[in-house]
Every structure is written in structure tokens, then in C-alpha cells.
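Overview (structure and organization)
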Amino acid sequence: MKSSAFRRTTTTTVLAAGLTAALALTGCAKTEDDAAGDTSSAAGGDTGQIVATPVPGGGETCTVEQFGGTRTDLATATVGFSQSEKEANPFRIAETASIKAEAEKRGVKLLTANAQTQFSKQISDVQDLIAKGADLLVIAPLNSDGWGPVLRAAAAKKIPIVTVDRKINATPCEDYVSFIGSDFVEQGRRAADRMIEATGGRGEVAILLGAAGNNVTTERTMGFKDRIKAEAPGLRVVFEQTGEFAREKGQQVTEQLIQSNPDITGIYAENDEMGLGAVNALKGAGKKPGDVKIVTVDGTRNAVRGIVDGWISGVIESNPRFGPLAFATLDAFTKGEKVAQDIVIQDSAYTEENAKSGLGKAY
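These figures come from a predicted structure and were not determined experimentally.

1. Thoughts on the packing of aromatic side chains
Across all of its chains, the model carries five aromatic pairs by this definition. Pairing F67 with F333 gives two aromatic rings, centres 5.8 Å apart and planes at 80°, and the pair type is edge-to-face. Of this pair, F67 sits in helix α2 (residues 64–67) while F333 sits in helix α11 (residues 323–334), and the two are 266 residues apart along the sequence. We classify F333 as buried; its relative accessible area is 1%. An angle of 70° between the planes, with centres 6.2 Å apart, marks the rings of F91 and Y363 as edge-to-face. Here F91 is found in helix α3 (residues 90–106), whereas its partner Y363 is found in the segment after α12 (355–358), with 272 residues between them in sequence.

2. Some points on unusual backbone geometry
A positive phi angle is found at C173, which is not glycine, with a value near 65°. With respect to the helices and strands, the residue C173 is situated in the loop between β5 (161–164) and β6 (178–181). Judged by relative accessible area, which is 13%, C173 ranks as buried. In this structure, D298 is a non-glycine residue whose phi angle is positive, near 155°. Secondary-structure assignment places D298 in strand β10 (residues 293–298).

Cut-offs used in this document
- Residues numbered from 1 in each chain as written.
- Predicted model: local features only at pLDDT ≥ 70, side-chain atom pairs only at ≥ 80, totals over all residues.
- Heavy atoms only, no water.
- Phe/Tyr/Trp six-rings, centres within 6.5 Å; stacked < 30°, edge-to-face > 60°.
- Helix = DSSP H or I, 4+ residues; strand = E, 2+ residues; numbered from the N terminus.
- Buried < 20%, exposed > 50% of the residue type's maximum accessible area, 1.4 Å probe, protein only.

See below:
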């Protein structure tokens, strides 16, 4: 068994031409009301997104000419932002606050919509943003498939689309311009590394899967299971069930898990909210901190505090502060510069060693 802690691959592509890793947006939105009313809470500090170091040769790029559009000035454009989920999840709160703060900073007119975790609503939301005059679109997709109606409507008007956090299954530089997000397979690998460390590489592990139908769930699962299989054959995945990225569902699933497998060694939750639900279930079952090793993905303040309190063994960050990078990408693209089709950000991690000092960075 090889213990590799947090191996970090310097993965994939960066913005071509003039966009740099200095782009940053930070801050910690605390509640849905705070996020809606104070976009300035997303600015300042050192917690912004950094583009991952490129591999030699970089990756595929896109220009406005290749896309078939025309050069424009972002400052005079209208940008539409489609959020996928109700902003009760801290990730979505911080994500929306980040987009709003950067639009305000740049003086760009921003139209927003929230699909409330209903994919049919998100499709109609984006169509409505187009009808209201959006020249450019930033979309946080709920699902990866089913975007045909939106893509056709956008293509008819040559509206550039940047997706954040999740990918859509379509053709880059034809259907959309760029995807900005984490390397989700690598997040799964790093979560596995932390689980191996926490458990000693032996025992039985459960996976609280994210929502079905998007690349985040698929890739975080793949990375975790492949790493466990390769590095820790004594650690077996014995349970997998979706918690739908929700705290309440994560708690319900963990309660079922404890009944069927009371001696479970570890739980890999594919986001913090499900992991916090698992903590609630373990508390309700009379478990003590550390009895079951929990590793999660996101980097919310409550999850990082869970490390400090001994309930969570590690959190792999997934940085939601997309505003500066999304607008910088659109700005460069509309000016005629090359932008990467895949813009992969570098995520940090929280452990027992840095959780207390890192609480201020968490969102």
C-alpha cells in the first residue's frame, strides 16, 4: 500500500495569450440573504482561483473568429448568468456572489436566473436570458446533457457561452467557448489519498454519490475508486448511493448505511453538504469523532470546522469563486484573443494541520 497524501497533478490547460494566474476573487458569503444583498463580500484576501500550471504545449484554444462571432467590448455588453441550484448550498452562494461582484466591479450589465435545481427551468431560464438581450452567457449547468434547445438558440445569435463548475456534453468552440472548473478526477484521487492515510489503507468505505447526470459526480467517483483500487487493495468500497449533493439526503443515506453496515470504516462524500449530513447521522447513532473517517470535497467553512472538531478527516477544495476568471475569459475572447477551451483551476486542501488556520479562507 502506497501512502501518497495529497499528490497534486499540474493538470491541463490555461487561458492562452494574456490571461494569467493572478486572477483572483475571494471572500466568504455566509447566507443566502448576504449573498443576494452584498456582492462586495466576495472580494479581497487570497482565496481566489488560480489556473493550474499547463502541461507542455498547452491545450486547444478558441477565438471569436473560429467561433463565428464578432469582436465586441465587454463593458458595453449584457451578460446573462444561469445558476443551477437554490443558493442554500454555500458553494452556490459563493459562486453567485462572485459573478455579481465581478460584474459590478467591471460595470457590466448582468442578468441572472436561478433554476432552483429544476433542469427544465434552467433551459427556459437561459432561453429567457437570450430573449432579454444577453450578448454573452455564463452557465453553471445542473446536468451535462439536454442542452440542445439552448445551444441552438445561442448559435442562431452567435452568443458565446462559458460554463463554470460543470461541463455540458457539446462541442467546444462551436456550441460553447470554454469550460472553467476543477479537475474532478484529480479531486477524487486526492480524496482517496486522504482516505488511505486516515484509514491506514484497510477497511470498508462508503461513497455518498453526488447528483446523477453531470460530469462532476462521474469523475469524482472515477478518480476515487481508481486510486483506491491501485493504491489500497485492502480498502474496499462496499456501499454507493446518491445523496444528491444535499445535507438532508446525505444524512438519510448515512442513517441507512449505519443500519446495514454499523462498522463502516470510512465515508467519502462527494461534496461537503452530504459529508455534514453524514456527521449528523453519526452523531445520532452515538458515534464519536474519528470513529468513521469522513473525506469530502468543496471547502465550506462548516466542513473545515468539522476537521477542527475531529469529525472530518480531510476536505479537498473546489473553489467556487468563478467571477474574475469567467469575465476575464469573456473579455479576452470578445477582444479577439485566444482562450483555452478547458480552463482548469488549482484547488487546495484542508487537513488537521491547516484546518484551524484555513477557516478564514473557507466559504
